[in-house]
Amino acid sequence: MTSTSIEAQVLQPYKYGFVTDIESDLAPAGLNEGTIRLISEKKGEPQWMLEWRLKAFRQWAKMTEPRWANVKYEPIDYQAIHYYAAPKPKKALSGLDEVDPKVLETFEKLGIPVSEQKRLAGVAVDAVFDSVSVATTFKETLSEAGVIFLPVSEAIREHPDLVRRWLGSVVPHNDNFFAALNSAVFTDGSFAYIPKGVRCPLELSTYFRINAQSTGQFERTLIIAEEGASVNYLEGCSAPMRDENQLHAAVVELVALDNATIRYSTIQNWYPGDEHGRGGIYNFVTKRGKCLGRNSKISWTQVETGSAITWKYPGCILQGDNSVGEFYSVAVTSRRQQADTGTKMIHIGKNTKSTIVSKGISAARGQNTYRGLVKIMKGADGARNYSQCDSMLIGDQCGAHTFPYIDVRNSTAIMEHEASTSKIGEDQIFYLRQRGLKAEDAVSMIVAGFCKEVFRELPMEFAVEAQNLLSISLEGSVG
Amino acid sequence: MLEVRNLHASVDSREILKGVDLKVNAGEIHAIMGPNGSGKSTLAQVLAGHPAYTVTEGSILYQGRDLLDMEPEERAQAGVFLAFQYPVAIRGITNGYFLRAAVNAVRASQGLSGLDPLDFLDVLQEKLKAIGWDDSFLSRPVNDGFSGGEKKRNEILQMAVLQPTLAILDETDSGLDIDALRTVAEAVSKLRTPGNATVLVTHYQRLLNYIVPDLVHVLVDGRIARSGGKDLALELEARGYDWIRPEVAAA
C-alpha cells in the first residue's frame, strides 16, 4: 500500500494480445504516390477519390509532424510502414461464408458478434480487420428504414454523391499532419447515413482490429444524420501484443443537420505496450463533429484504456443556432502509457451549448494530459460552456497535467470551469478494506465512483464493458 | 476475545505506542481515554490494521488468532469494525451500494452468497430507523457532502449493518450535538450482545453517561497508565489528566 509496494505490483496481462495466423495481402512498405494509387486500385475507387487522396498526400509531404503534445516517442519512420494489409482472399466478399474462418474466429474471440445468428440485440456491427471491412451485419434491416451502413470503401462505390459531398467537410484533407496522412492512405472504416426524420432502429457499431505486423491502420468514418434523424454509434478496438509500435491514424467526421442527434461512444483498448514501454499502438486520431443544423446535437463519449500514446481531441463545431456539443471522457494511463487528449468546442451559432466532463486516471508510470479548447466566436450570442476536468493519481510515479484553453470573443458567453486533482488515498482504500473489501475491489470502487458521470452516458452494454476494462487496466496498480 | 500485549507501534519511525496491555472479554464495553496525542487513535488504527503504522513489538490475539498476521479486510471479515474518527468520502458511490458491497464481501468470506439489492433493502430498513434516517441517505454518495454529525451516524449505520464482534469507536462522539449523541449511544447500546465487545475511544465522559463501560483505561504517552471502573471517567472529568502523569513517569 505504500508507494514502494504499488511500484512493485505486476500489471494484468493484456487480454486481447493474440495474433491471428493468416496470410495477408500486404502492400510493400513505404509511402509514395504509387502506394496511394495501389490502395485506390485495390479498393476499385473512382478517379475523383484517387485525386482527393493524391491532393492530401502532396499536402502531407509538405507538413511536419506536430510535436506540441505532451508525449515523448522516437520519430516514426513513415517509409517502414505497410499502408495496406488485407486477409486473403482479396476478392470482394459477398457473404460471411466467404470470409476466412480464422478472421471470423478472431472476432468471436474478441466477443464481437459478426454472424447475425449470434447478434447482440439491437446492434449492427461493421468488423474491420487491418485494412478491410470483413462483415457488416443487418444491412437489410437498416435499409428498410432507409439507413445506409456500409464500409466506407463500398460507400465510395455505391453512394459516390453522398461521400463526395461530405467527405472532408468536417476534417479537411489538410487539417493536420495525421489527418492529411489518413486522407491519403485511408483504407476502410464505416459510413453511416441516416435519412431525414429517421431514428436509427439499431445501434451502429464498428470494431477495429489490427492484426498484421508493421502495418498501420488508417480508418475513415463518416456519419451523416439528416434533418431530425438520430443515431447511436459505438466503436471498439484492439490489437495483438507486439514489440514494435504500430501507427493508428484515423479520422472520424460527423455531420448533424437541423434537429439531428449523433451520439458517438468509443471504447479504445489498443495494445498499450508492456511495463517497460515496449510496443503498443500510437493512436493519433482526428475526430470532429459538425452541428451544422439548428438544434442539432453531437455527443462524444470515450473510454480510453489502451494505446502506448494517445493523441486525440474529439470536438464539435457548433455552427447551427441552439446546437449542443458534449464530450465525456475517461482516459486511463498505466504502465508507461502517455495520453494527450481532450476536446475542442467551437461555438459559432447563437445559444450554443457545450459540456465537457473529463476524467483522467494515471497509474504506474502513466502520463495523462487533458488538453481542451473552448472557443466562443463573435456571433455566438448566449453561448455557454461547462467544463469539468478531474484527475486521479494512483501511486507516485505517474503524472496528470491539464491545459485548458479558453478563447472568448463574445461578451454574452457564460463559461464555467471546474478542475480537481486527487490522489487515490491510502486512507480511502483502508476505509473500504476495513469494511471487508479486498484492496483491488476497493480501487475499482473508488475509480468507478470517480468515472460515474461518464459511464452513465454510455449505452448499457458498453458501460458494463468499460467498467470491467477499467478494473483490468488498473488491476495490481495498488496492492 | 482481544488480548493486546506489550504493543509498540510507530508511524514514520516515531514511536507512538510504547507497550500497551489490554484485555477485552466478550460482552464487555471498554472506554479508552487520555489526553491529546497519547496514542488513543493510533491504538484504534493499529487494531484495524492501518498500513501507515508499523508494529515494532508485542502481540495482539483476537479470538485466538494472531491479528497482526491478518490483512485489514481479513480482520473486518472476522468481525473487527472500526468506526472512524474522520470517515472519508467516496465520490460517485452511493451509500446503499457501498453497504451492500461491504456486507457481501463479509458474506463471501464466510462462503455465503451475496444479498441482492431487494433483500438487502429489507435488512437496511430497520437499521436506518434505529439511527433516525430515511431511505434518501442510501442514494447519497458515501460521506460526500455529509456534515460531521452525518458522517458519524453513517459509521454507526455501517456498524449496525455489519454487526461486528469487536467494535472500536474512535471518537464517534466528537462533533455530535446532544441529540445525535443520544441517538448514536442508543444505537450502540442496542447492538450489545453477550457475544460481542465494544472499545470506545473518547475524550469526554458525556458519552459514558449513555453507554456505561465496564472498564475505563487512561492512555498516557503510549501506555495505559491507569484502569478502573466507570467512576474513573468521572474523576478524569473533574480533575483532568495531569494527576495521572507522574505515575507514568514513576512506573
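Predicted model only: the values in this text are computed from it and were never measured.

Here we come to the overall build of chain A. Check the secondary structure of chain A and you find eleven helices and 24 strands. Classification of the 479 residues of chain A by burial places 63% in the buried group. Of all intrachain contacts in chain A linking residues separated by at least 6 positions in sequence, the fraction that spans at least 24 positions is 84%. Accessible surface for chain A amounts to roughly 17600 Å². Of this, 48% is attributable to carbon and sulfur atoms.

This paragraph deals with the interface of chain B and chain A. Taken together, the contacts link 35 residues of chain B with 24 residues of chain A. Among the elements that make up the side of chain B that touches chain A, the one with the highest residue count is helix H3 (residues 95-109) of chain B (six residues).

Attention shifts here to the confidence of the model for chain A. Residue and element names in this part refer to chain A. Looking at chain A as a whole, its pLDDT mean stands at 85, while 84% of the residues score no less than 70. Confidence drops under pLDDT 50 across residues 1-11; counting only partners more than four residues distant or on other chains, this segment forms 25 contacts. Scored below 50 in pLDDT, residues 117-121 makes five contacts in the model with residues more than four places away or belonging to other chains.

A word on the sheet that holds strand E2 (residues 14-24) of chain B. Residue and element names in this part refer to chain B. Strand order in the open sheet formed by four strands is E2-E1-E4-E5, with antiparallel pairing between adjacent strands. A single partner strand is all that each edge strand has here, and the edge strands are E2 and strand E5 (65-66). As defined by bridge partners, strand E1 (residues 2-11) adjoins strand E4 (residues 53-62) across eight bridges and the pair is classed as antiparallel. Its bridge partner being in E4, histidine 8 is matched across the sheet by glutamate 57. Seen against the sheet, helix H1 (residues 40-48) touches E1, E2 and E4 and runs at an angle of roughly 70° to E4.

This part takes up the pairing of strand E12 (residues 223-228) of chain B. When a strand is regular, its side chains alternate between the sheet's two faces. Residue and element names in this part refer to chain B. Bridge count between strand E11 (residues 215-220) and E12: five bridges; the pairing is antiparallel. Residue pairing for E12: histidine 217 is matched across the bridge by serine 227. The turn joining E11 and E12, which pair antiparallel and follow one another in sequence, is formed by two residues; a positive phi near 50° is taken by aspartate 221.

The next subject is unusual backbone geometry. The backbone phi angle of asparagine 259 of chain A is positive, close to 55°, even though this residue is not glycine. For asparagine 143 of chain B, which is not glycine, the phi dihedral falls at a positive 60°. Examined against the element boundaries, asparagine 143 of chain B turns out to sit in the loop between strand E8 (141-142) and helix H5 (148-162). By relative accessible area, which is 1% here, asparagine 143 of chain B ends up buried.

Across soluble globular proteins, nonpolar side chains show a tendency to be buried alongside one another. In this structure, Ile361, Leu432 and Val447 of chain A are the most contacted members of the largest nonpolar core, which totals 68 residues. Judged by nonpolar contacts, the second largest core, of 44 residues, contains Phe81, Leu115, Leu124 and Ala167 of chain B.

The subject of this paragraph is the packing of H5 of chain B against helix H6 (residues 178-190) of chain B. Residue and element names in this part refer to chain B. Where H5 meets H6, the closest approach of the two axes is 10 Å, and the angle between their N-to-C directions is 15°. As the angle between them shows, H5 and H6 are arranged roughly parallel. Between H5 and H6 the crossing geometry is left-handed. Packed against H5, whose contacting residues are Arg153, Ile156 and Met159, the element H6 presents Ala180, Thr183, Val184, Ala187 and Val188 at the interface. When the residues that make up the contact of H5 with H6 are grouped by side-chain class, the tally is six nonpolar, one polar and one charged.

Let us look at the environment of lysine 452 of chain A. When you line up the elements, lysine 452 of chain A lands in helix H10 (residues 439-455). By relative accessible area, lysine 452 of chain A is classed as partly exposed at 35%. Separated by 15 residues in sequence, lysine 452 of chain A and glutamine 467 of chain A place their C-alpha atoms 9.8 Å apart. Residue contacts for lysine 452 of chain A: discarding those within four places in its chain leaves Gly92 and Thr94 of chain B.

Another point: the pattern of salt bridges. Using the criterion set out here, one finds 26 salt bridges over all chains in the structure. For glutamate 33 of chain A, the salt bridge goes to arginine 58 of chain A, with nearest N and O atoms at 2.9 Å. One end of the pair, glutamate 33 of chain A, is in helix H2 (residues 33-42); the other, arginine 58 of chain A, is in helix H3 (residues 47-62), with 25 residues separating them in the sequence. On the accessibility criterion, arginine 58 of chain A (41% relative accessible area) is partly exposed. Two residues, arginine 192 of chain B and aspartate 214 of chain B, come together in a salt bridge whose shortest N-O distance is 3.1 Å. With arginine 192 of chain B in the loop between H6 and strand E10 (197-201) and aspartate 214 of chain B in the loop between helix H7 (206-210) and E11, this pair connects stretches of sequence that are 22 residues apart. What emerges from the salt-bridge pattern is a single network uniting Lys359, Asp390 and Glu453 of chain A together with Arg91 of chain B.

About the criteria used
Residues numbered from 1 in each chain as written. Chains lettered and ligands numbered in written order. Predicted model: local features only at pLDDT ≥ 70, side-chain atom pairs only at ≥ 80, totals over all residues. Heavy atoms only, no water. Helix = DSSP H or I, 4+ residues; strand = E, 2+ residues; numbered from the N terminus. Buried < 20%, exposed > 50% of the residue type's maximum accessible area, 1.4 Å probe, protein only. Contact = heavy atoms within 4.5 Å. Areas by Shrake-Rupley, 256 points an atom, 1.4 Å probe, with all protein chains shown as cover. pLDDT = per-residue confidence, 0-100. Pairing = 2+ DSSP bridges. Axes fitted to C-alpha atoms, helices over the stretch in contact; angles between N-to-C directions. Core = buried A, V, L, I, M, F, W, Y, C linked by side-chain atoms within 4.5 Å. Parallel < 35°, antiparallel > 145°, perpendicular 65-115°, else oblique. Left-handed = near helix turned anticlockwise from the far one by under 90°. Nonpolar A, V, L, I, M, F, W, Y, C, P; charged D, E, K, R; others polar. Salt bridge = Lys/Arg side-chain N within 4 Å of Asp/Glu carboxyl O.

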